Amino acid sequence: MAEQLPPELINSLQTATGFDETAFRDVHGSGSQVVSVRLNPAKVSNPSQIPFLENILAEKIPWNTNGYYLKQRPIFTIDPLFHAGAYYVQEASSMFLEEAIKQSCDMQQNLRVLDLCAAPGGKSTLIQSVISESSLLVSNEVIKNRANILVENITKWGAANVVVTNNDPKDFKKLPAFFDCIIVDAPCSGSGLFRKDPTAITEWSLNNVELCSQRQQRILADIFDCLKPGGVLIYSTCSYSTEEDESIADWLKDNYEVSNIRLQIKKEWGIVETLSDKHQCYGYRFYPDKVKGEGFFIAVFRKETEAVEPWKEKRPNIKNGLPSKSDEQAALRYLDPGKAYDFLKWQKDMLAIPAAVYDAVLFVQQNLYIKKAGINMGSIIRDQLVPDHEWVLSTIANIVFPFIEVDEATALDFLRRKDIYIDTEKHGWSVITYGNTALGLVKILSNRVNNYYPKDWRILNK
Ligand code: SAM
């Protein structure tokens, strides 16, 4: 594959810090692949709980608490626990985001975090695992069908302190000084993924690098106001091009009052620290010939503008959208009693929102297009829950229905939304589990079992 690397890319990287043309060509030509996963600590505490990974698990990823390399790439779709949100398949370099957040944000505080370019959800699921339960993650994707994939992955992750929105970056101007931290994992020319996806090489051009660079500036300009003074902006790409990396750092310094944050990295990680030409901003380059991962760039900034009136916790007037007190009382029985919730009504369904982030969620709801907020529990009918799939996959459900642990073949049939046979006397709602992790709901009738796995999410292969 080495010959296919675009010559203009190789030429343009000659002055990029840490670029070693021979090693770079070799690693792209070697055909080697790095595969990694990140566990969902709210669902599994140890990789040994995932039998599918048992024989292919390799070492830990040094810059991520829950990340592991695998010895080979399996077909993840045939592992029921992959569908249960027990882990996320994510490229290792990008898992460095955990370090960037922990080193720049005050993790003792309850944070409001925006992941602006979030689909399919790799960074968002990582962020959710790092922030506190009383923090809020707004996970946004501008492209509609990609926002659906984001909803699916966030739902499987199971956390209640996440809102998924489907907005253009400029819509966030309606939330001035609202976020403590914004992650812009920007759309880019994608050269960092050439090894994983050689077809991306054919789409690469210098012209596209320039277009991406302009778009990255527009995106950053659109969201700058919604970052609090003192707040943290984390910018990343999977491009090697300095026009999309260090030059964007210089552009930010030229146009906004920001300081750049230097991160601590261990020498053995192989990450290259770079300095931008004009303002000497620190950035971090990941080359696949130096790290065990793909191409990636990340830089971190703090907004240094004078404090403005920040967004104040205040409950907006809600005329519609509140459930009755009796429905709320009934709903509480189906939630983890150790936590506090407030509720919203969405059509007939109850949305459970952690009380600590409720006002912020209402504010987001009033200003943006929400695809998902908190946990959709389902509807309360005569004090009983008619459960939704989202609730059963969540990490806040108090599951009162019987669990039915199934074998792998039955689990896969369930996930294909096929009819499954269950030998039980109990009728009504039941939860299908595999490896003691919930996969979804069935309703057992006297003569059949109704499969409630969401149609759009079913496994399509044989
Ligand atoms: N953060 C994601 C993850 O870790 O799974 C990957 C994000 S991908 C690098 C960039 C995202 O930006 C894509 O989902 C893309 O649809 C979105 N995007 C494209 N154009 C955009 C724009 N003009 N403004 C904001 N986001 C955009």
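I will try to describe carefully the structure that is included in this document. (Residues numbered from 1 in each chain as written. Predicted model: local features only at pLDDT ≥ 70, side-chain atom pairs only at ≥ 80, totals over all residues. Heavy atoms only, no water.)

A word on the sheet that holds strand β15 (residues 349-354)
Item 1. One open sheet holds the 4 strands; their spatial order is β14-β15-β17-β18, and the pairing between them is antiparallel. In this open sheet, the two edge strands, each paired with only one partner strand, are β14 (341-346) and β18 (384-387). Across the sheet, the mean angle from the axis of one strand to that of its neighbour is 40°, orientation sign disregarded.
Item 2. Relative to β15, β14 runs antiparallel, the two being bridged by 6 bridges. Of the residues in β15, the one forming a bridge with Trp346 is Asp349.
Item 3. Where helix α10 (residues 325-332) meets the sheet, it contacts β14, β15 and β17 (375-381), and its direction lies at approximately 120° from that of β14. (Pairing = 2+ DSSP bridges. Helix = DSSP H or I, 4+ residues; strand = E, 2+ residues; numbered from the N terminus. Axes fitted to C-alpha atoms, helices over the stretch in contact; angles between N-to-C directions. Contact = heavy atoms within 4.5 Å.)

Considerations on the site of the ligand
Item 1. Around the ligand, a shell composed of 17 residues is seen, among which Cys117, Gly122, Glu141, Arg146 and Asp185 lie nearest.
Item 2. At 2.9 Å, a backbone N or O of Cys117 approaches a nitrogen atom of the ligand.
Item 3. Between the ligand and Arg146, the relevant distance is 2.8 Å, taken from an oxygen atom to a side-chain nitrogen or oxygen of the residue.
Item 4. Summarising the interface, the protein chains cover 83% of the accessible area of the ligand, which totals 590 Å² for the free molecule.
Item 5. Going through the elements one at a time, α5 (122-130) and α8 (206-223) are the ones with two or more residues in the shell around the ligand. (Near = heavy atom within 4 Å. Polar contact = N/O pair within 3.5 Å; in protein donor to acceptor, adjacent residues only side chain to side chain. Areas by Shrake-Rupley, 256 points an atom, 1.4 Å probe, with all protein chains shown as cover.)

Quick notes on the state of the cysteines
Item 1. The tally for this structure, following the rule as stated, stands at 0 disulfides.
Item 2. Here Cys181 stays free of any disulfide, with the sulfur of Cys105 as its closest cysteine sulfur at 3.8 Å.
Item 3. Cys238 supplies the cysteine sulfur nearest to Cys188, a cysteine that is in no disulfide, at a spacing of 3.3 Å. (Disulfide = S-S within 2.5 Å.)

Observations regarding the pairing of strand β3 (residues 67-70)
Item 1. What you see with β3 is no split at all: Gly67 and Tyr69 on one side and Tyr68 and Leu70 on the other are buried throughout.
Item 2. Inspection of the sheet shows strand β1 (residues 35-39) paired to β3 by 4 bridges, in the antiparallel sense. Bridging from a neighbouring strand, Ser36 pairs with Tyr69 of β3.
Item 3. In this structure, strand β2 (residues 57-60) lies alongside β3, joined through 2 bridges in antiparallel fashion. Bridged to Leu57 within β3 is Leu70.
Item 4. If you look at the hairpin formed by β2 and β3, you'll find 6 residues sitting between the two strands. (Buried < 20%, exposed > 50% of the residue type's maximum accessible area, 1.4 Å probe, protein only.)

Points about the environment of Asp180
Item 1. Along the chain, Asp180 turns up in strand β8 (residues 179-185).
Item 2. A relative accessible area of 15% means that Asp180 is categorised as buried.
Item 3. In sequence terms Asp180 and Lys228 are 48 residues apart; their C-alpha atoms lie 5.7 Å from each other.
Item 4. The contact partners of Asp180, leaving out residues within four places of it in the chain, are Asn110, Leu111, Arg112, Leu227, Lys228, Gly231 and Val232.
Item 5. There is a polar contact of 2.7 Å between the side chain of Asp180 and the backbone nitrogen of Arg112.

Quick word on the nonpolar core
Item 1. Core analysis: the biggest nonpolar cluster contains 42 residues, and Phe172, Phe179, Ile182, Val184, Leu233 and Phe301 have the highest contact counts within it.
Item 2. Of all the elements in the fold, those that place two or more residues in this core are β6 (136-140), β8, α8, β9 (227-237), α9 (246-255), β13 (296-303), β15 and α11 (358-367).
Item 3. Among the elements that line this core, the one with the most residues is α11, at 6 residues.
Item 4. By size, the runner-up hydrophobic cluster in this structure holds 40 residues, among which are Cys105, Leu150, Val151 and Phe286. (Core = buried A, V, L, I, M, F, W, Y, C linked by side-chain atoms within 4.5 Å.)

A look at the sheet that holds β2
Item 1. Pairing in this open sheet of 4 strands is antiparallel, and the strands run β2-β3-β1-β4 from one edge to the other. A strand with exactly one partner marks an edge of an open sheet, and here the two such strands are β2 and β4 (87-89). Shown here is a sheet whose adjacent strand axes are inclined to one another by a mean of 35°, direction ignored.
Item 2. The strands that α5 touches are β1 and β4; relative to β1, the one it contacts most, it runs at about 40°.

Digging into the packing of aromatic side chains
Item 1. Taken as a whole and assessed by the stated rule, the structure comprises 21 aromatic pairs.
Item 2. Their ring planes at 80° and their centres at 6.3 Å tell us that Tyr334 and Trp391 sit as a pair that is edge-to-face. Taken together, the positions of Tyr334 in the loop between α10 and β14 and Trp391 in helix α12 (residues 389-393) put the pair 57 residues apart, joining distant regions of the chain.
Item 3. Note on Tyr334: relative accessible area 2%, which makes it buried.
Item 4. We classify Trp391 as buried; its relative accessible area is 0%.
Item 5. Among the aromatic residues, those joined into a ring-pair cluster are Trp63, Phe96, Trp269, Phe286 and Phe296.
Item 6. We note Lys60 situated over the ring of Tyr68; from NZ or CZ to the ring centre the distance is 5.8 Å. (Phe/Tyr/Trp six-rings, centres within 6.5 Å; stacked < 30°, edge-to-face > 60°. Lys NZ or Arg CZ within 6 Å of the ring centre and 35° of its normal.)

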